[in-house]
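Spelled out from the first residue to the last, the chains are:
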Amino acid sequence: MEARLALDLKMKENFEKAFQDVLKYEGGYVNDPDDPGGMTNMGITAQTYAEFTGRRLLTITEKEMRELTKDQVKPIYKRKYWDTCKCDQLPAGLDLLVFDFAVNSGPARAIKELQKCLRVEDDGILGAITLKHITTFPLDLLIREYAEARRDFLRNLKTFQKFGKGWIARVDKVENTATSFA
């Protein structure tokens, strides 16, 4: 019981480390015409920011997006990505991989790829069955397989030619960090 409690506390405290790690890859303001996300700062698109703040997308200005702070985006990351993917319930290392994938490609996609690795129904909802199956896989193997599944997913995107080299480098680095967290 005490060991499980210590593990639970460790998982719950990983958000801060994972948030700082993901920000290293997200960078500052961009508005690349080839990026379907449009105006983005620190990984938060104008659409995501509008939804989170309860505003219409047309009211979000470039100036506002450029001036976003870590303190403003942190609760978005926590609620929209970390909490949606139930990262507090994932083993250390896997929590970072799932979180980073969710930030980069959406929570449902991140969860579906995890479910495919676990060979359970890939419905994009991280529920009891998925959580149970995580415990049946050696964590190091699951981390490697999940990172490779993410690379495969990215290679099939139409914008891979332009952004792929950076995406793959990111996955490699996040996988290394996740392995050290595990």
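Quantities reported herein were computed from a predicted structural model and do not represent experimental measurements.

Visitor: Looking at this model, I keep getting lost on helix α6 (residues 94-105). Mind explaining?
Guide: For α6, built from 12 residues, the straight-helix expectation of 16 Å at 1.5 Å per residue is met to within 8% by its first-to-last C-alpha distance of 16 Å. The element α6 is largely enclosed, with a buried count of 10 among its 12 residues. Residues Leu94, Asp95, Leu96, Leu97, Val98, Phe99, Asp100, Phe101, Ala102 and Val103 constitute the buried set of α6. Residue Gly106 follows α6 closely and has a positive phi angle near 100°.

Visitor: When you look at the environment of Trp82 in this model, what are you seeing that I'm missing?
Guide: Counting through the fold element by element, Trp82 comes out in helix α5 (residues 70-83). In sequence terms Trp82 and Thr177 are 95 residues apart; their C-alpha atoms lie 17 Å from each other.

Visitor: Can you walk me through the packing of helix α7 (residues 107-118) against helix α9 (residues 139-155) in this structure?
Guide: Two quantities define a packed helix pair, namely the angle between the axes and the distance from one axis to the other. Closest axis-to-axis distance for the α7/α9 pair is 9 Å, and the angle between their directions is 125°. By the criterion of interaxial angle, the relationship of α7 to α9 is oblique. Crossing of α7 over α9 shows right-handed handedness. From α7, Arg109, Ala110, Glu113, Leu114, Cys117 and Leu118 reach across to α9, where they touch Leu142, Glu145, Tyr146, Ala149 and Phe153.

Visitor: How do you make sense of α7 when you look at a structure like this?
Guide: Along an α-helix, a turn takes 3.6 residues, which lines up residues three or four apart on a common side. Taking 1.5 Å of rise per residue, the 12 residues of α7 would be expected to cover 16 Å, and the 17 Å separating its terminal C-alpha atoms lies within 8% of that figure. Turning to α7, its buried residues are Pro107, Ala110, Ile111, Glu113, Leu114, Gln115, Cys117 and Leu118. Next to the buried residues of α7 lie α5, α6, α8 (128-134) and α9. Downstream of α7 by one or two residues, Arg119 has phi in the positive range, about 60°.

Visitor: Honestly, the layout of surface pockets in this entry has me stumped. Any pointers?
Guide: Over the atoms a probe the size of a water molecule is rolled, and this reveals where empty space is left. Approximately 810 Å³ is the volume attributed to the largest pocket. Together, 30 residues line the largest pocket, and Glu26, Asp35, Val103, Asn104 and Trp167 are the ones closest to its centre. Elements with a minimum of two residues in the lining of the largest pocket: α2 (14-26), α3 (46-53), α5, α6, α9 and α10 (160-181). Split into classes, the residues belonging to the lining of the largest pocket amount to 11 nonpolar, 13 polar and six charged.

Visitor: Any chance you could explain the nonpolar core here in plain terms?
Guide: As a rule of thumb, nonpolar side chains are buried together in soluble globular proteins. Formed by 54 residues in total, the largest nonpolar core has its most connected members in Tyr77, Val98, Phe99, Leu114 and Tyr146. For this core, the elements supplying multiple residues, two or more each, are α2, α3, α5, α6, α7, α8, α9 and α10.

Visitor: Explanation requested: the confidence of the model for the protein in the structure shown.
Guide: Parts of the model with low pLDDT should not have their predicted coordinates read in detail. Looking at the protein, pLDDT values average 91 and 93% of them are 70 or higher. Taken together, the stretch residues 1-11 has pLDDT below 50 and engages in 11 contacts with residues farther than four places along the chain or on a different chain.

Calculation criteria
- Residues numbered from 1 in each chain as written.
- Predicted model: local features only at pLDDT ≥ 70, side-chain atom pairs only at ≥ 80, totals over all residues.
- Heavy atoms only, no water.
- Helix = DSSP H or I, 4+ residues; strand = E, 2+ residues; numbered from the N terminus.
- Expected span 1.5 Å × (residues − 1).
- Buried < 20%, exposed > 50% of the residue type's maximum accessible area, 1.4 Å probe, protein only.
- Axes fitted to C-alpha atoms, helices over the stretch in contact; angles between N-to-C directions.
- Parallel < 35°, antiparallel > 145°, perpendicular 65-115°, else oblique.
- Left-handed = near helix turned anticlockwise from the far one by under 90°.
- Contact = heavy atoms within 4.5 Å.
- 1 Å grid on protein atoms, 1.4 Å probe; cavity = no way out; pocket = protein on both sides within 12 Å on 5 of 7 lines; lining within 4 Å.
- Points joined across faces, edges and corners; volume = space filled by probe spheres on them.
- Nonpolar A, V, L, I, M, F, W, Y, C, P; charged D, E, K, R; others polar.
- Core = buried A, V, L, I, M, F, W, Y, C linked by side-chain atoms within 4.5 Å.
- pLDDT = per-residue confidence, 0-100.

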